[in-house]
Amino acid sequence: MNESFLVYHEPVFRPPSEANSVILQVTHGCKWNNCTFCEMYTTKKYSVKPFDTIQKELHLLSTMDPNINRIFIGDGDLFSVDFEFIIATLKEIKKHFKKAKRISTYASTRELQKFTKEQLLAIREEGLNLLYIGLESGDDDVLDLINKGIHAEEQAQACLLAKEAGFKISVMILNGLGGQEFTEAHAINSAKLLNKVQPDLLALLVISFPYGFKHFKKRLKGDYHPLSQLEVIKEMRLLLSYLELESTVFRSDHASNYLVLKGGLNRDRDKFIAQLDHIIEHTIHVPSPHLNEFDL
Ligand code: SF4
């Protein structure tokens, strides 16, 4: 590491709500790197950053601004790292940033479930307080299709354990992920998973194909027929109609979303459903494009 510069290993990702946080890369890439829809870290080889590099980077950051109070730990999944390493990293963050109030990270349920409640409590005690969890779906067939490496019930248990340990959890579901084959099951079972978990924050995103549709389809573990925009809206409506959430902040305002909805659930659920019904009623159905023909 250059003593004067913090060098980021690109590409770097963070949730939109961490735009004002300092990013500290504890790992490079994603250990699993195997979800067939995900291209975030396919260009990176997974590695854990040496601890002395983390120490140097934190020192350098603290000389730039000792008042930093929001830190996002990258890359793909902090819980792919050993418990002792996580604790040591958090202690080091606290040592350098006494005012750190929000320390967050991406966390996969597959890795999270390997930790005991006591370990999660200890990690929470050291200051990590917000986990961004890509659930993607609550339907086992869809989870198999995308090779998520975990099923819905295990995802629920991992999330509940994290909540019991005191973490805030922000979860993501990907609309359109099951294609036409699984759209109904994907919507209903995702809603059921969310009802079980009662997340603090929920983001609904829409599946996209950054490397082209043929590439996406090739990686899937099964056949896939994409939804049209109207079918995605209908899937979203079905999911919302099955939700029974007590107090969840809801967002569908990612770049992938066709329609921006923001509010609280279930407080605003009927309002959202009425908006979606209006769109469904006033939109002419255009079948999903023949993506194979247009693909590069
Ligand atoms: S665990 Fe997350 S980052 Fe890793 S491949 Fe799956 S979706 Fe991508």
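Check the entry above for the structure.
Notes on the structure in this doc start here. Everything numeric here is computed off the predicted structure, so don't read it as measured data.

1. A word on the pairing of strand β5 (residues 102–106)
Of all 5 residues making up β5, 4 are buried, and the element is well covered by its neighbours. Here strand β4 (residues 70–74) pairs with β5 via 4 bridges, running parallel. Across the sheet, I71 pairs through a bridge with I103, a residue of β5. For the crossover that starts at β4, traverses helix α2 (residues 83–96) and ends in the parallel β5, the hand is right-handed. Pairing geometry for β5 and strand β6 (residues 128–136), over 4 bridges, is parallel. By the bridge assignment for β6, Y106 is matched with Y132.

2. Quick look at the packing of helix α9 (residues 229–242) against helix α10 (residues 269–282)
Look at α9 against α10: their axes get within 10 Å of each other, and the N-to-C directions meet at 155 degrees. The pairing of α9 with α10 is recorded here as roughly antiparallel in orientation. By crossing handedness, the relation of α9 to α10 is classed as left-handed. Only R269, F272, I273, L276, I279 and I280 of α10 make contact with α9, whose side of the interface consists of L230, I233, K234, M236, R237, L240 and S241.

3. Thoughts on the site of the ligand
By nearness alone, every residue bordering the ligand is listed as C30, W32, N33, N34, C35, C38, M40, Y41, G76, D77, S108 and G134. Considering only residue class, the shell around the ligand consists of 6 nonpolar, 5 polar and 1 charged.

4. Examining the packing of helix α7 (residues 179–197) against α9
As a packed pair, α7 and α9 sit with axes 8 Å apart at the nearest point and diverge in direction by 35 degrees. Here α7 runs over α9; the crossing is right-handed. Contacts between α7 and α9 involve T183, E184, H186, A187, I188, S190, A191 and K192 from the former and E231, E235, L238, L239 and Y242 from the latter. When grouped by side-chain class, the residues that make up the contact of α7 with α9 number 6 nonpolar, 3 polar and 4 charged.

5. Here's the deal with unusual backbone geometry
Residue E10 is joined to P11 through a cis peptide bond whose omega torsion reads -5 degrees. Mapped onto the elements, P11 comes out in the segment before β1 (22–25). In this chain, L265 is followed by N266 through a cis amide linkage whose omega measures 5 degrees. Positionally, N266 belongs in the loop between β10 (261–265) and α10. In this structure, N33 takes a positive phi of about 45 degrees despite not being glycine. Within the secondary structure, N33 sits in the loop between β2 (27–28) and β3 (47–48). Under the C-beta neighbour-count criterion, N33 is labelled partly exposed, with 16 such atoms within 10 Å. The phi angle at E136 is positive, at roughly 70 degrees, despite the residue not being glycine. With respect to the helices and strands, E136 occurs in strand β6.

Rules used in this analysis
Note that residues are indexed from 1 along each chain, following the sequence as it is written. Local features are withheld for residues below a pLDDT of 70 in this predicted model, meaning they are given only at 70 or higher, and side-chain atom pairs are given and counted only at 80 or more; totals for whole chains, interfaces and linings count all residues. Three classes are used. A residue is buried when 20 or more other C-beta atoms lie within 10 Å of its own, exposed when 12 or fewer do, and partly exposed in between, with C-beta atoms placed from the backbone. Runs of H or I in DSSP of at least four residues are treated as helices and runs of E of at least two as strands, each being numbered from the N terminus. Criterion used throughout: strands pair if DSSP finds at least two bridges between them. With the strands aimed away from the viewer, a crossover counts as right-handed if its path from the first strand over the helix to the second runs clockwise. Angular values range over 0 to 180 degrees, each being the angle between N-to-C directions of two axes fitted as lines to C-alpha atoms, with helices fitted over their stretch in contact. Oblique is the label for any angle not covered by the other classes, which are roughly parallel (under 35 degrees), roughly antiparallel (over 145) and roughly perpendicular (65 to 115). Crossings are classed by handedness, with left-handed meaning an anticlockwise turn of the near helix from the far one by less than a right angle and right-handed meaning a clockwise turn. Any pair of residues counts as being in contact when their C-beta atoms, constructed from backbone geometry, are within 7 Å of one another. Any residue whose C-beta atom, as set from the backbone, lies within 6 Å of a molecule or strand is reported as near that molecule or strand. Polar here means any residue other than Ala, Val, Leu, Ile, Met, Phe, Trp, Tyr, Cys and Pro, which are nonpolar, and Asp, Glu, Lys and Arg, which are charged; Gly is therefore polar.

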